[in-house]
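Descriptive structure summary
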Amino acid sequence: MVIVHGVVMALLGAGVFFTLVGSIGLLRFPDFYTRLHATGKCDTLGGGLIILGAIIYHLFQYPETLLVPAKLAFLIFFIFIANPTATHAIMKAAYKTGLKPWRLGEERR
Amino acid sequence: MKLKEKGFGILLTFCIMAVFWILLSGVFDAFHLISGIVCCAIVSIISHDLLVKGKTEKKLQKSLRLLIYIPWELWQIVLANIDVAYRVLHPKMPIDPLIIEFETTLRGEFSLLTLANSITLTPGTITILVKPEKGKFLVHAIAKEPAEALLVDQTMQKKVAHVFMET
């Protein structure tokens, strides 16, 4: 049980870390496109790791209800498909409206 | 031949939806199972061509290759996140954004979607535009190294082309 709790805590911790890094990147990066780099990737893995931790915890704590981990696994699957697609859609919209990407040495926007 | 393909499409859609119904409902009495099967049958007859399209040949082999591709892709996602974390937390923020263009040999809808999403999830690159008729990609890279990985090495294009057999 101790090992399971350790693994779950490590997964949750890693998930929280990546989500936090995504938020910091959103604040630090200089323009729209680079900010999307931070949020689009870190949210995918951060959310995925947190849900994975929940799945493992549930499997060992309540082994009689296997449906809940299955539903959570579907959640991971959909996040991994929807997140890059949404990031790409926002990026495309910004590019089509003519937003110029930031180059090295410019002022941050 | 045509009829056989249609039957295969209906059957595959039906199986996927039946599994989904059972997993999400979680109730195994006769009423719920039968109503689920009836609903799945109606929907799969009406709209099977949304999910399963075109030729069925080599579909099994492609699915197997996709299953091998996914773990590699997951590892790339972890690398991408460590890369972004490094760039975010580094005091000097080592970024140098640029937009690159390249063409691929891919033409299929699903293979283009896979490559576009893979590019978005892997280190330092996000897909901006895809032109399906030429297989052309417009990609925003956060620094020089990830851009060169896409332009020079082309590991990802080769892997996706191998999965969908479109070399």
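Criteria and thresholds
- Residues numbered from 1 in each chain as written.
- Chains lettered and ligands numbered in written order.
- Predicted model: local features only at pLDDT ≥ 70, side-chain atom pairs only at ≥ 80, totals over all residues.
- Helix = DSSP H or I, 4+ residues; strand = E, 2+ residues; numbered from the N terminus.
- Buried ≥ 20, exposed ≤ 12 C-beta atoms within 10 Å, placed from the backbone.
- Contact = placed C-beta atoms within 7 Å.
- Pairing = 2+ DSSP bridges.
- Axes fitted to C-alpha atoms, helices over the stretch in contact; angles between N-to-C directions.
- Expected span 1.5 Å × (residues − 1).
- Core = buried A, V, L, I, M, F, W, Y, C linked by C-beta atoms within 7 Å.

1. A few points about the overall build of chain B
Counting its secondary structure elements, chain B contains 6 helices and 3 strands. Sequence-ordered secondary structure for chain B, helices as α and strands as β, is α-α-α-β-α-β-β-α-α. Each principal axis of the C-alpha atoms in chain B carries an extent, and together these give about 65 × 40 × 25 Å. The buried share of chain B, reckoned over its 167 residues, is 28%. Long-range pairs, those at least 24 residues apart, make up 66% of the contacts in chain B with a sequence separation of at least 6.

2. Thoughts on the sheet that holds strand β1 (residues 98–103) of chain B
Residue and element names in this part refer to chain B. If you trace the 3 strands from one edge of the open sheet to the other, you get β1-β3-β2, paired in antiparallel fashion. Each having just a single partner strand, β1 and β2 (125–131) make up the two edges of the open sheet. Within the sheet, the average angular offset between the axes of one strand and its neighbour, ignoring direction, is 25°. Relative to strand β3 (residues 136–141), β1 runs antiparallel, the two sharing 6 bridges. Residue pairing for β3: phenylalanine 102 is matched across the bridge by phenylalanine 137. Contacting β1, β2 and β3, helix α5 (residues 144–153) crosses the sheet at an angle of about 10° to β1.

3. Description of helix α3 (residues 67–96) of chain A
Taking 1.5 Å per residue, 30 residues should reach 44 Å; α3 of chain A reaches 43 Å between its end C-alpha atoms and fits that length. Those residues of α3 of chain A that sit buried are Phe80, Asn83, Pro84, Thr87, His88 and Met91 of chain A. In this fold, the buried residues of α3 of chain A make contact with α2 (32–61) of chain A together with α4 (109–121), β2 and β3 of chain B. Following α3 of chain A by one or two positions, glycine 98 of chain A adopts a phi angle in the positive range, close to 90°.

4. Topic: the nonpolar core
Counting 22 residues, the largest nonpolar core has Leu115, Val139 and Val160 of chain B as the members making the most contacts within it. When contributions to this core are tallied by element, the ones reaching two or more residues are α2 of chain A together with α4, β2, β3, α5 and α6 (155–164) of chain B. Beyond its immediate chain neighbours, meaning those up to four positions away, leucine 115 of chain B contacts Thr104, Leu106, Met156, Gln157 and Val160 of chain B. Val21, Leu49 and Leu52 of chain A together with Ala80 of chain B belong to the second-largest nonpolar core, a separate cluster that totals 17 residues.

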